Amino acid sequence: MESPAAAFTLAYVVLAVCFVFPPDEFLVFPPDEFRSAGLTVQSLLGGWLGSEDAAFVHYHLRRGTATLLAHALLPLGYYTGMCFATPEKQLCSFYQAPDTWRVFFLLAILAPAAASLLAYYWSRNDWNNHPLVRTISFYALPQSSWRAVASSINTEFRRIDKFATGAPGARVIVTDTWIMKVTTYSLRVAQQQDINLTVVDSRQHELLPDSNVPAQFLTIQVGSINPHMKPFNIRLNSTEYGELREKLHAPIRNAANVVIHQSLSDLFLETFTSLVEMNQAYPLPSNQELEPCIGCMQTSANVKLLKNCQAPREGECQQCYCRPMWCMTCMGKWFASRQDQQHPETWLSSHVPCPTCRAKFCILDVCVIR
């Protein structure tokens, strides 16, 4: 592939990935700069979509449909760009283009055509054929319609006491009656009185790309006794777990026996332990016995401070001559307690005094006793 074509393809792929994938805590894409520049469906078509606060359900009916159409146009946009990037292939003339590119052009035309037909079908009869409308219709009373349910959802969404987390295109919203998940093309809805919730997975991230702090993300499955509502998963930061539980009427089962860290200190302790275990171990002399940790008196001391980060007389850290007196958990709690709580991104690189002799040390100086 020629250089101009390769450069255009790489740039277009990056643009398409940023445009297609919804904002997510677990993904580097799309970057904040991409969203702040307004290169999203919500920003580009904001005038047609209307206000989410004024009509939440209708906003997401239009947003999901517009997103489908925009994504379907991406292959055609690539073909159009390649017409200018590789003029020698004569892609602007269908009959002179190579066979492979003619097939690609037909598929690029077929995709938006099929998406347009689907969008037209969804929007007929005031969106009565849309999957979201069909879902919320099952919650309507016998003498009412889905519009009454949509009005209830719109009203509760405007209340300031709702629970909401996540980026604009991938949010979890919980109101007094409803639990909702915003997806790329639609909106998943369930009524609180019908649901059962289960923690099914947990992922530990030592550093988030945008904040440089550890985080734990929980995956919670939302099921329902309503046979017309398919289960779906929601994901959120474990620090928001307590706030979510306060808004829910149903309990959350922990089927996977996940240890949920609901504070930043809990998350830091997990990261602190994993990093210390990678440090050089301290061999305990044969004539020395371990005593109970003086911090908790529940377990034996199992860490020793030994300057390993730099040469003996270099840097801010100092040599500690104390015998092993602390366990890993208590040392981690001590380390966290000495940090600036307003700037957790500095915790891993900071220095703190030894709890006994006050000699300064960093995480690289904490050694597990073997």
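Above this text you will find the structure in question.
Below you will find a few notes about this structure. (Residues numbered from 1 in each chain as written. Predicted model: local features only at pLDDT ≥ 70, side-chain atom pairs only at ≥ 80, totals over all residues. Heavy atoms only, no water.)

**What about the overall build of the protein?**
Applied cut-off: Each helix is a run of DSSP H or I of at least 4 residues and each strand a run of E of at least 2, with the numbering of both proceeding from the N terminus. Based on C-alpha atoms, the radius of gyration is set beside the globule rule, defined as 2.2 Å times the residue count to the power 0.38. Residue burial is assigned from relative accessible area. The probe radius is 1.4 Å, only protein chains are included, and a residue is buried under 20% of its type maximum, exposed over 50%, and partly exposed in between.
Looking only at helices and strands, the protein features twelve helices and twelve strands. Taking 21 Å as the expected radius of gyration for a compact globule of 370 residues, we find that the protein reaches 28 Å, considerably beyond that expectation. Across its three principal axes, the protein shows a C-alpha extent of roughly 85 × 65 × 30 Å. Each of the 370 residues in the protein was classed as buried or not, and the buried ones make up 43%.

**Some details on the environment of P324**
By the element assignment, P324 lies in the loop between β9 (303-305) and α12 (328-337). Along the chain, P324 and S337 lie 13 residues apart, while their C-alpha atoms are 20 Å from each other.

**A few points about helix α6 (residues 74-85)**
The periodicity of an α-helix, 3.6 residues per turn, causes residues three or four places apart in sequence to face the same way. Put simply, the test is: To estimate the expected span of a helix, count its residues, drop one, and scale the result by 1.5 Å. Contacts: residue pairs with any heavy atoms within 4.5 Å of one another.
Between its terminal C-alpha atoms α6 stretches 16 Å, which fits the 16 Å expected from twelve residues at 1.5 Å a residue. Every buried residue of α6 is listed here: L74, Y78, Y79, G81, M82, C83 and A85. Contact partners of the buried residues in α6: α1 (3-20), α5 (56-72) and α7 (99-127).

**Observations regarding unusual backbone geometry**
One non-glycine residue, Q90, lies in the positive phi region at around 55 degrees. By secondary structure assignment, the location of Q90 is in the loop between α6 and α7. Its identity as a non-glycine residue notwithstanding, W127 has a phi of 70 degrees, on the positive side. Relative to the elements of secondary structure, W127 occurs in helix α7.

**Here's the deal with the sheet that holds strand β4 (residues 187-191)**
Rules: By this definition, two strands are paired if DSSP reports at least two bridges between them. Axis definition: a line fitted to C-alpha atoms, over the contacting stretch in the case of helices. Angles run 0 to 180 degrees between N-to-C directions.
What the four strands build is an open sheet, ordered β1-β2-β3-β4; its pairing is antiparallel. Each end of this open sheet is capped by a strand with a single partner; those strands are β1 (163-165) and β4. This sheet shows a mean twist of 10 degrees between the axes of neighbouring strands, independent of strand direction. By the bridge criterion, three bridges tie β1 to strand β2 (residues 172-174) in an arrangement that is antiparallel. Each residue of the ladder has a partner; that of F163, found in β2, is V174.

**With respect to the sheet that holds strand β5 (residues 195-205)**
Taken together, four strands build an open sheet; the order of strands is β7-β6-β5-β8 and the sheet is mixed. Edge positions in the sheet fall to β7 (232-237) and β8 (252-253), since each has one partner strand and no second. In this structure, strand β6 (residues 215-224) lies alongside β7, joined through six bridges in antiparallel fashion. If you follow F217 over to β7, its bridge partner there is N237.

**A closer look at α12**
The element α12 is largely enclosed, with a buried count of seven among its ten residues. Of the residues making up α12, those classed as buried are M328, C330, M331, G332, W334, F335 and A336.

**Observations concerning the nonpolar core**
Stated formally: What is meant by a nonpolar core is a set of buried Ala, Val, Leu, Ile, Met, Phe, Trp, Tyr and Cys residues, joined one to another through side-chain atoms within 4.5 Å.
By size, the foremost hydrophobic cluster in this structure holds 45 residues, and its most contacted members are I136, I153, I179, L197 and I220. If near-sequence neighbours (up to four positions away) are discounted, L197 is found in contact with I179, I220, Q221, V222, L248, A250, P251, I252 and R253. Among the nonpolar cores identified, the runner-up in size contains 25 residues, and F268, W326, C330 and A359 belong to it.

Everything listed here is a matter of geometry and, on its own, says nothing about what the molecule does.
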